[in-house]
Amino acid sequence: MHGSRDDQPRDVVVVTGAGGMGSAVARRLGSGRTLILADASRTQLDRTVDALRAEGYAVRGVPTDVRDRAAVERLARTAAGAGRITAVVHTAGVAAATASVSRILEVDLLGTVYVIEGFEQVAVRGTSLVCVASVAGHMASIGAEDEAALATAPADRLLGLDAVTGLGDDPTAA
């Protein structure tokens, strides 16, 4: 466990997604804290962790595919073991230009639910969790009933909801 000068555990900041947005968030929030960075791409993760370490950050990379609930739960436990989790910023995601409908739904929808539920189990008073989404989410027009179902359905039922199954093969719609 990383300690501060008085040997107290440092606050922990977790960032999912080691790309441009994730690394920018890590730089902004990571100073003076233990930084846990997660990404499905080991290459991207290692590159960003190395850069942050070279800049003086106390950072640990944890390979994590947010599509895998167990992997996200391990990430949450790892972060909780490093100190008091003050912030979780979920930036991991894929775009319509580079991913299929199924991959978008697995990463952007299920992955987000797994991150929220996984870190809810280890959150302490004062922990903040922010999920960063694409502006494309605001372009979709879904009814109140579908929106409520997406917000409340258990993770194992999300991909079977009418709002999801009706997307077809259009990544932009996803």
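Just so it is clear, the structure is predicted and the values come from calculations on it, not from any experiment.

J.: Could you give me a rundown of the overall build of the protein chain, with the residues and numbers involved?
T.: From N to C terminus, the protein chain includes seven helices and five strands. Tracing the protein chain from N to C terminus, the helices and strands come up as β-α-β-α-β-α-β-α-β-α-α-α. Relative to its length of 174 residues, the protein chain is compact, with a C-alpha radius of gyration of 17 Å against a globular reference of 16 Å. Overall size of the protein chain, expressed as C-alpha extent along the three principal axes, is 55 × 30 × 25 Å. Each of the 174 residues in the protein chain was classed as buried or not, and the buried ones make up 37%. Considering only contacts within the protein chain whose residues lie at least 6 apart along the sequence, 60% involve residues at least 24 apart. Accessible area of the protein chain: about 9800 Å², with a carbon and sulfur share of 49%.

J.: Tell me about helix α3 (residues 69-82), and please be specific about residues and values.
T.: Relative to the 20 Å expected for 14 residues at 1.5 Å per residue, α3 spans 20 Å between its end C-alpha atoms, a close match to the ideal helical length. Where α3 is concerned, the buried positions are A71, V72, L75, A76, A79 and A82. Taken down its axis, α3 places every buried residue within 140° of arc, on the same side. More than 90 degrees from the buried face of α3, the exposed residues found are R77 and G81. By the N-cap criterion, in which a side-chain oxygen at the helix start approaches the backbone nitrogen of a residue two or three places on, α3 is capped by D68, the distance to A70 being 3.1 Å. Of the residues one or two after α3, G83 is the one with positive phi, at around 150°.

J.: Tell me what's going on with the side chain of H90, and back it up with residues and numbers.
T.: When you line up the elements, H90 lands in strand β4 (residues 84-90). Looking at H90, the relative accessible area reads 1%, which means it is buried. Of note is the side chain of H90, whose polar atom sits 2.6 Å from the side chain of T16. Setting aside residues up to four positions removed in sequence, H90 forms contacts with T16, V66, G111, T112, V115, V130, C131 and V132.

J.: Account for the nonpolar core, with residues named and values stated.
T.: Counting residues in hydrophobic clusters, the biggest one holds 30 residues, and the most contacted among them are V14, I36 and F119. Looking at this core, the elements with two or more residues in it are β1 (11-16), β2 (34-39), α3, β4, α4 (101-120) and α6 (155-158). Among the elements that line this core, the one with the most residues is α4, at nine residues. Here F119 is in contact with V14, L75, A76, A79, I85, V88 and L129, once residues within four sequence places are set aside.

J.: Lay out the pattern of salt bridges with the relevant residues and their values.
T.: Summed over the entire model, instances satisfying the criterion amount to six salt bridges. E117 is the salt-bridge partner of R69, the closest N and O atoms lying 2.9 Å from each other. Separated by 48 residues along the polypeptide, R69 in helix α3 and E117 in helix α4 bring together distant segments of the chain. Look at the salt bridges and you will find they share partners, linking D65, R67 and E106 into a network.

J.: Explain the packing of α3 against α4 to me, using residue names and the numbers behind them.
T.: Two elements in contact, α3 and α4, have axes separated by 9 Å at closest approach and are oriented at 40°. On the basis of their axis angle, the class for α3 and α4 is oblique. Relative to α4, α3 is oriented so that their crossing is right-handed. Note on element contacts: α4 touches α3 through Y114, V115, E117, G118 and F119, opposite R69, V72, L75, A76 and A79. Here the residues of the contact of α3 with α4 are counted per class, giving seven nonpolar, one polar and two charged.

Procedures and definitions
- Residues numbered from 1 in each chain as written.
- Predicted model: local features only at pLDDT ≥ 70, side-chain atom pairs only at ≥ 80, totals over all residues.
- Heavy atoms only, no water.
- Helix = DSSP H or I, 4+ residues; strand = E, 2+ residues; numbered from the N terminus.
- Rg over C-alpha atoms; globule rule 2.2 N^0.38 Å.
- Buried < 20%, exposed > 50% of the residue type's maximum accessible area, 1.4 Å probe, protein only.
- Contact = heavy atoms within 4.5 Å.
- Areas by Shrake-Rupley, 256 points an atom, 1.4 Å probe, with all protein chains shown as cover.
- Expected span 1.5 Å × (residues − 1).
- Arc of directions from axis to C-beta.
- Polar contact = N/O pair within 3.5 Å; in protein donor to acceptor, adjacent residues only side chain to side chain.
- Core = buried A, V, L, I, M, F, W, Y, C linked by side-chain atoms within 4.5 Å.
- Salt bridge = Lys/Arg side-chain N within 4 Å of Asp/Glu carboxyl O.
- Axes fitted to C-alpha atoms, helices over the stretch in contact; angles between N-to-C directions.
- Parallel < 35°, antiparallel > 145°, perpendicular 65-115°, else oblique.
- Left-handed = near helix turned anticlockwise from the far one by under 90°.
- Nonpolar A, V, L, I, M, F, W, Y, C, P; charged D, E, K, R; others polar.

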